[in-house]
Each structure stands twice: as C-alpha cells, then as structure tokens.
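Below, each chain spelled out in residue letters.
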Amino acid sequence: METPYGNIVKNLMAEGATLGVSTRGLGSLVEGKDGTKVVGNDFYLATCADIVADPSAPDAYVRGIMENKAWVWDNGIIREADISTQRQVIEKSSKKDLEENMIKVFKDFMSKL
C-alpha cells in the first residue's frame, strides 16, 4: 500500500529483510480443570494479518507476495479472481458512467463469492 507503513514494508523487502506475519484475536481466557488458561468460545479474529519482526508462530514468515491478486472462495476451493476485466471497465469509464459501472462490477464480483 502507498502508506507510510506500506512503504516501510516495501523498503524492508527490497533490502532483503525477513518479515513475519501475525494475526490478532480477541476473546476471554477460561481457566481449565488443571489450572491452565484456554481461549474461550467468544474468540474472534480481529485482523487478517500484521507484518511483524518476530512472529509468535515458528514458521509465520512471508515467503512471497502476490501483488494485485484477489482470491475468492469457490465451493471449497480458493482460486484467483479475474479482476483485470473489472479493473479495465472502471478505468475506461467516462465520468458520466463511472458510478453505474462501479456498481455493475461490484454486483458481478459479489455474485461470484
């Protein structure tokens, strides 16, 4: 992303830094019978992923980035979405037709989820 943090990540990658990925969740801890703490049933994932220097999972490092790719869940299979056509429709739209075409593209995308 063209944001201050996005530019930091891009520069770190360009210099060969190893980046970790971490998820963040919210929920309560419940004490188990043996005194251990376990995550309660109210847990939910709060973010998709954060870039970190030291991830808590041992193999949670970025191995590659697929830029400008969108992925969809298709009957149990994750596949790349064809967004190039939709992008072209939006980019080639006149100011007059832009809003209408954006709505069409959005409806088309949603129908494929």
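J.: Quick question: what am I supposed to make of the overall build of the protein here?
T.: For the protein, the count of helices and strands is three helices and six strands. Listing each helix as α and each strand as β along the protein from the N terminus yields α-β-β-β-β-β-β-α-α. Burial statistics for the protein: of 113 residues in total, 12% are counted as buried. Within the protein, contacts between residues at least 6 apart in sequence are counted, and of these 34% link residues at least 24 apart.

J.: It is not clear to me how the pattern of salt bridges should be interpreted in this structure. Could you clarify?
T.: A pair can form between side chains of opposite charge whenever their charged atoms are brought close. Applying the stated criterion to the full structure yields three salt bridges. Lys-37 is the partner of Glu-31 in a salt bridge, and the nearest nitrogen-oxygen pair spans 3.8 Å. Of the charged contacts in the structure, one is a salt bridge between Glu-100 and Lys-104, with a shortest N-O distance of 3.4 Å. Of this pair, Glu-100 and Lys-104 are both found in helix 3 (residues 95-111), four residues apart, which corresponds to roughly one turn of the helix.

J.: Would you mind going over the confidence of the model for the protein with me for this structure?
T.: Fine structural detail should not be taken from predicted coordinates in areas where pLDDT scores are low. With 78% of its residues at a pLDDT of 70 or more, the protein shows a mean pLDDT of 80. Mean pLDDT values over the elements of the protein span from 64, in strand 6 (residues 77-80), up to 92, in strand 2 (residues 29-31).

J.: Quick question: what am I supposed to make of the environment of Val-9 here?
T.: Within the secondary structure, Val-9 sits in helix 1 (residues 4-14). It is 8.3 Å that separates the C-alpha atoms of Val-9 and Leu-19, two residues lying ten residues apart in sequence. If we skip the residues at most four places from it in the chain, Val-9 touches Leu-19 and Ile-51.

J.: Could you clarify how one ought to interpret the side chain of Asn-101 in this entry?
T.: Here Asn-101 is to be found in helix 3. Leave out the neighbours within four places in its chain, and Asn-101 touches Val-89 and Ser-93.

J.: Would you take a moment to explain a nonpolar patch on the surface for this structure?
T.: Taken together, the side chains of Leu-29, Val-39, Phe-43 and Leu-45 define a hydrophobic patch exposed on the protein surface, amounting to about 410 Å² of accessible area. Here Leu-45 shows up in strand 4 (residues 44-52).

J.: Explain the environment of Ser-56 here, please?
T.: Structurally, the position occupied by Ser-56 is in the loop between strand 4 and strand 5 (71-74). Distance in space between the C-alpha atoms of Ser-56 and Ser-22 is 7.1 Å, their sequence separation being 34 residues.

J.: Sorry, what's going on with the environment of Ser-28 here?
T.: Along the chain, the position of Ser-28 falls in the loop between strand 1 (20-26) and strand 2. Overall, Ser-28 belongs to the partly exposed group, its relative accessible area being 31%. In the structure, Ser-28 is positioned 13 residues away from Asn-41 in sequence and 7.9 Å away in space, judged by C-alpha atoms. When residues no more than four places from it in sequence are discounted, the contact partners of Ser-28 are Val-38, Val-39, Gly-40 and Asp-42. Separated by 3.0 Å, the side chains of Ser-28 and Asp-42 make a polar contact.

The rules behind each value
- Along every chain, residues carry numbers that run from 1 in the direction the sequence is written.
- Confidence filtering applies because this is a predicted model: local features only for residues at pLDDT of at least 70, side-chain atom pairs given and counted only at 80 or more, and all residues used for totals across whole chains, interfaces and linings.
- Hydrogens and water molecules were not included; the side-chain quantities draw on all heavy atoms of the structure.
- Numbered from the N terminus, helices here are DSSP runs of H or I no shorter than four residues, and strands are runs of E no shorter than two.
- With a 1.4 Å probe rolled over the protein chains alone, any residue whose accessible area is under 20% of its type maximum counts as buried; one over 50% counts as exposed, and the rest are partly exposed.
- Two residues qualify as a contact provided that any one of their heavy atoms is within 4.5 Å of a heavy atom in the partner residue.
- Just to be clear on terms, a salt bridge is a Lys or Arg side-chain nitrogen sitting within 4 Å of an Asp or Glu carboxyl oxygen.
- Think of pLDDT as the predictor's per-residue confidence, scored from 0 to 100.
- Patch membership needs two things, relative accessible area over 30% and no salt bridge, and members are linked within 9 Å if like-charged or within 5 Å if nonpolar (Val, Leu, Ile, Met, Phe, Trp, Tyr).
- Every accessible area reported is derived by Shrake-Rupley at a probe size of 1.4 Å, with residue values counting cover from the shown protein chains alone.
- Distance and chemistry together define a polar contact, namely a pair of N or O atoms within 3.5 Å, with one atom able to donate a hydrogen and the other to accept it when in protein, and with adjacent residues in sequence counting only for side-chain atoms on both sides.

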